[in-house]
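# Chains, contacts and geometry: an overview
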2 protein chains.
Amino acid sequence: MFSPLIEDLIRALRCLPGVGPKSAQRMAMYLLEKDRDAAGTLARTLEQAVEKVGRCSQCRTLTEQDVCALCNNSRRERQSMCVVETPADVLAIEQAGNYHGRYFVLHGHLSPIDGVGPDSLGIDLLEQHLAGGELRELIIATNPTVEGEATAQFIAERAAERGVAVSRIAHGVPIGGELEYIDGGTLAHAFNSRTAFSTGT
Amino acid sequence: MFSPLIEDLIRALRCLPGVGPKSAQRMAMYLLEKDRDAAGTLARTLEQAVEKVGRCSQCRTLTEQDVCALCNNSRRERQSMCVVETPADVLAIEQAGNYHGRYFVLHGHLSPIDGVGPDSLGIDLLEQHLAGGELRELIIATNPTVEGEATAQFIAERAAERGVAVSRIAHGVPIGGELEYIDGGTLAHAFNSRTAFSTGT
Ligand SMILES: [Zn+2]
Ligand SMILES: [Zn+2]
């Protein structure tokens, strides 16, 4: 119904997560009818990002720099490293604000069925960090899924071989969460991982 | 928190309608982590569209061609023309499927407060169509808002001056709509625009 180039644009916008045919059409109309400047800026920024954004040579997070700002920050504690699945996980932990060490981004988890092995997760680079002598603790914050747990297990073994202490972030009932709305798997885990109640006496 | 170029991308994505900070971040991560090919295609298509999409020289709808496919379609009836506010309105009417004439796209409505007068709506081009001698009926399908009605009134006067019959599409309770959920303005309009009930005898 629209001209070929507009149909191409609507199709291309559908690659965005959460964007169906109707929103893609609304977005295309908005960009072409209301805000060509913003559309041009988006096109150029996206092209630049696709071309220039790579991975930090130390922690593998997404960045256009060789070493990311966080790895370059001399105030971050160099003796602890937190392993996460995605760059968005780094953001979530930074927003929580109580961790001051470094990160290591796997960009996924072990998934033999999809051909994702240790190579794709940068385990060789992680081993270099483990062998470097600076690290005192590796904190594993992969997701509490079957694949995330298997990945955590694999990495914990590598750290143990190098004599680096390993920990896993706690999983359980979220703070402020009401028990009746928590799924069974989380509740079961919370019971299995219960800790002694300190009475302070 | 992200690198400058990624922050730029997140900001640029927020120009899209309905996209807040969280979705922009999710989109940026998706494009850079999961689908660089789609991201590159989107960047190039958007750049092309911004550069090449203009307006049809006959009906003013968005197109990269001089004359759009619809105006070029010899099977469309040339004696009727439907005036709409946006290219998306053309799509909506085409999807209904019972109109076979031509269109004229205003790209807005009269709005003196925003400096939108007859010039920005292409009224001079519309007058050429009215004077051309081919048109028998001008169907006004601007929105049933204060501005849409004022625009309809203005255009109806131009058509009357040229001796072209003018009609306005009907507004009222949507087919399948339940009265209790229809807003008061629509109901009031439906009462004022009531038509005689034909008993078929
Ligand atoms: Zn880094
Ligand atoms: Zn046209």
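A brief look at the structure comes next. Computed from a prediction, not measured in an experiment: that's the story for all the values here. (Residues numbered from 1 in each chain as written. Chains lettered and ligands numbered in written order. Predicted model: local features only at pLDDT ≥ 70, side-chain atom pairs only at ≥ 80, totals over all residues. Heavy atoms only, no water.)

Once that is clear, we can look at the sheet that holds strand β6 (residues 165–168) of chain B. Residue and element names in this part refer to chain B. Overall, parallel pairing links the 4 strands, which are arranged β4-β3-β5-β6 in an open sheet. Each having just a single partner strand, β4 (102–105) and β6 make up the two edges of the open sheet. Sheet twist, expressed as the mean angle between neighbouring strand axes with direction ignored, is 25°. Taken together, the 4 bridges between strand β3 (residues 80–84) and β4 define a ladder with parallel strand orientation. Looking at β4, one finds that valine 84 is bridged to valine 105. Here helix α5 (residues 87–96) sits on the sheet in contact with β3 and β4, set at roughly 155° to β4. (Pairing = 2+ DSSP bridges. Helix = DSSP H or I, 4+ residues; strand = E, 2+ residues; numbered from the N terminus. Axes fitted to C-alpha atoms, helices over the stretch in contact; angles between N-to-C directions. Contact = heavy atoms within 4.5 Å.)

The next subject is helix α7 (residues 146–161) of chain B. Residue and element names in this part refer to chain B. Compared with an ideal rise of 1.5 Å per residue, which puts 16 residues at 22 Å, α7 spans 23 Å between its outermost C-alpha atoms and is within 8% of the ideal. Buried within α7 we find Gly148, Thr151, Ala152, Ile155, Arg158 and Ala159. Down the axis of α7, the buried set is contained in an arc of 125°. They therefore lie on one face. Residues of α7 that are exposed and point over 90 degrees away from its buried face: Val146, Ala160 and Glu161. As for α7, its buried residues are in contact with β3, α6 (123–131), β5 (137–140) and β6. Of the residues one or two after α7, glycine 163 is the one with positive phi, at around 75°. (Expected span 1.5 Å × (residues − 1). Buried < 20%, exposed > 50% of the residue type's maximum accessible area, 1.4 Å probe, protein only. Arc of directions from axis to C-beta.)

The next thing to look at is the coordination of the zinc ion (ligand 1). Residue and element names in this part refer to chain A. Donor atoms from the polypeptide that bind the zinc ion (ligand 1) are Cys56 (SG), Cys59 (SG), Cys68 (SG) and Cys71 (SG), placed at 2.3 Å. In this structure, the zinc ion (ligand 1) is coordinated by 4 donor atoms arranged in tetrahedral fashion, with angles at the metal of 105 to 117°. Summarised as a motif, the one-chain spacing of the donors to the zinc ion (ligand 1) is C-x2-C-x8-C-x2-C. Taking the relative accessible area as the measure of exposure, cysteine 56 reaches 2% and is therefore buried. (Donors = N, O, S within 2.8 Å, 3.2 Å for Na, K, Ca; no water. Tetrahedral: all angles 85-135°; square planar, octahedral: opposite > 155°, others 65-115°.)

This paragraph deals with the packing of aromatic side chains. Following the criterion strictly, the structure yields 2 aromatic pairs over all chains and no others. Taken together, a centroid distance of 5.3 Å and an interplanar angle of 70° make the contact between Tyr99(A) and Tyr103(A) edge-to-face. For Tyr103(A), a relative accessible area of 2% translates into the label buried. The ring of Phe154(B) carries Arg158(B) above its face, with NZ or CZ at 4.4 Å from the centroid. (Phe/Tyr/Trp six-rings, centres within 6.5 Å; stacked < 30°, edge-to-face > 60°. Lys NZ or Arg CZ within 6 Å of the ring centre and 35° of its normal.)

Everything listed here is a matter of geometry and, on its own, says nothing about what the molecule does.
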